[in-house]
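Coordinate analysis (summary)
Residues per chain are reported as follows:
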Amino acid sequence: MDYEEILKTISRWMEAYKPICDKNYSLLFQLEPPATEEEVSAVEKQIHRRLPDSLRTFFLHHARYLKLDACFSDDFLEKLPPAIYSLSRAFLELSLDNLPLLNQSCQESIRLSFIESEHPSAARLQNVLPLTWVPCGDLLIFDYSQDAFDPPVLYLDSYAAEYHLCVLGHSFGDFLKRYTAVGLCGTEDSQMAPFLPNKTDGIQPDCPNAKLFRSFFFSNEK
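Because the structure is predicted, anything quoted here is derived from the model rather than measured. (Residues numbered from 1 in each chain as written. Predicted model: local features only at pLDDT ≥ 70, side-chain atom pairs only at ≥ 80, totals over all residues. Heavy atoms only, no water.)

A separate point is the overall build of the protein chain. Helix and strand counts for the protein chain come out as eight helices and seven strands. Expected size for 222 residues packed as a compact globule is a radius of gyration near 17 Å; at 17 Å, the protein chain falls within 12% of this value. Overall, the protein chain is about 45 × 40 × 30 Å in size when its C-alpha atoms are taken along their principal axes. Burial status across the protein chain gives 53% buried among its 222 residues. In the protein chain, 63% of the contacts between residues at least 6 apart in sequence involve partners at least 24 apart. When the accessible surface of the protein chain is split by element, carbon and sulfur atoms take 50% of a total near 10,500 Å². (Helix = DSSP H or I, 4+ residues; strand = E, 2+ residues; numbered from the N terminus. Rg over C-alpha atoms; globule rule 2.2 N^0.38 Å. Buried < 20%, exposed > 50% of the residue type's maximum accessible area, 1.4 Å probe, protein only. Contact = heavy atoms within 4.5 Å. Areas by Shrake-Rupley, 256 points an atom, 1.4 Å probe, with all protein chains shown as cover.)

Okay, structure coming up:
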């Protein structure tokens, strides 16, 4: 996976968003230097498992922390057609150092919301690791039951609603590439929904809605 190219594309998106951001919010794009092997191993000891291969590579060679946030203005949102009107904010946070605490919170949420209630997805959720938090309270997770070395990224809905356990990417690298291609559209299910035709194939960066959204920023999509 060419993470350097992906990071360049992220920077391009963040530049494109500057003119249409809400003036009451500061656009944020933060990267911190890569982690060492020792730092990654220390986190793995705390979470009692090896990180997915493609995420491990990202933390070791590109950044130990990434955060971006861009809230779009009402003027811009009024221009969006109904099919993509939910795209109100670009957002993503990836943190090596926060993973142990996030994992504790994730496992507790799974216990309370799924295991104790004997939800049908409870068994599947006993072999997962969170990737990141979602502003609405949900999580993006890795499903190790599908691949022990580089598992897919799924959406964990705390209420087990429509997009619960929907596949977003077939590995971390695949997810980040797809998510970047659709403008880092926001990690809530309603924000990714325009690019998710089903629950198994991941975000579709070449679907009509993706091309429509890109056309607001890049002339070659028109």
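Additional details are given in the paragraphs that follow.
This part is about the environment of Ala 42. Topologically, Ala 42 is positioned in helix α2 (residues 37-47). Residue class for Ala 42 comes out partly exposed when judged on its relative accessible area of 34%. Separated by 55 residues in sequence, Ala 42 and Asp 97 place their C-alpha atoms 9.7 Å apart.

Another aspect to go through is the state of the cysteines. According to the stated counting rule, one finds zero disulfides in the structure shown. Cys 21 carries a free sulfur, and the closest cysteine sulfur to it, the one in Cys 71, is 7.4 Å from it. Exposure remark for Cys 21: the relative accessible area of 7% places this residue in the buried category. Here Cys 185 stays unpaired: no disulfide links it, and the sulfur of Cys 207, its closest cysteine neighbor, is 9.8 Å away. Residue classification places Cys 185 among the buried residues on the basis of a relative accessible area of 2%. (Disulfide = S-S within 2.5 Å.)

In this section: the pattern of salt bridges. Per the counting criterion, the structure on display carries 12 salt bridges. Of the charged contacts in the structure, one is a salt bridge between Glu 37 and Arg 56, with a shortest N-O distance of 2.6 Å. Of this pair, Glu 37 sits in helix α2 while Arg 56 is found in helix α3 (residues 53-61), placing the two residues 19 residues apart along the sequence. Residue Glu 37 is classed as partly exposed on the basis of its relative accessible area of 36%. On the basis of relative accessibility, which here comes to 6%, the residue Arg 56 falls in the buried class. Of the charged contacts in the structure, one is a salt bridge between Arg 111 and Glu 108, with a shortest N-O distance of 2.5 Å. A residue pair is termed a helical-turn pair when its members lie 3 or 4 positions apart in one helix, as Arg 111 and Glu 108 do in helix α5 (residues 99-115) at three residues. For Glu 108, a relative accessible area of 37% puts it in the partly exposed group. (Salt bridge = Lys/Arg side-chain N within 4 Å of Asp/Glu carboxyl O.)

Another aspect to go through is the nonpolar core. Counting residues in each nonpolar core, the largest one holds 74 residues, and the members touching the most others are Tyr 17 and Phe 58. Counting residues per element, this core draws most heavily on helix α1 (residues 3-17), which supplies eight residues. (Core = buried A, V, L, I, M, F, W, Y, C linked by side-chain atoms within 4.5 Å.)

Take the pairing of strand β6 (residues 153-156) next. Alternating residues of β6 divide into Val 153 and Tyr 155 and Leu 154 and Leu 156, and every residue in both groups is buried. Pairing geometry for β6 and strand β7 (residues 167-169), over two bridges, is antiparallel. Bridging across to β7, Val 153 finds its partner in Gly 169. (Pairing = 2+ DSSP bridges.)

None of the figures reported here should be taken as evidence of function without further support.
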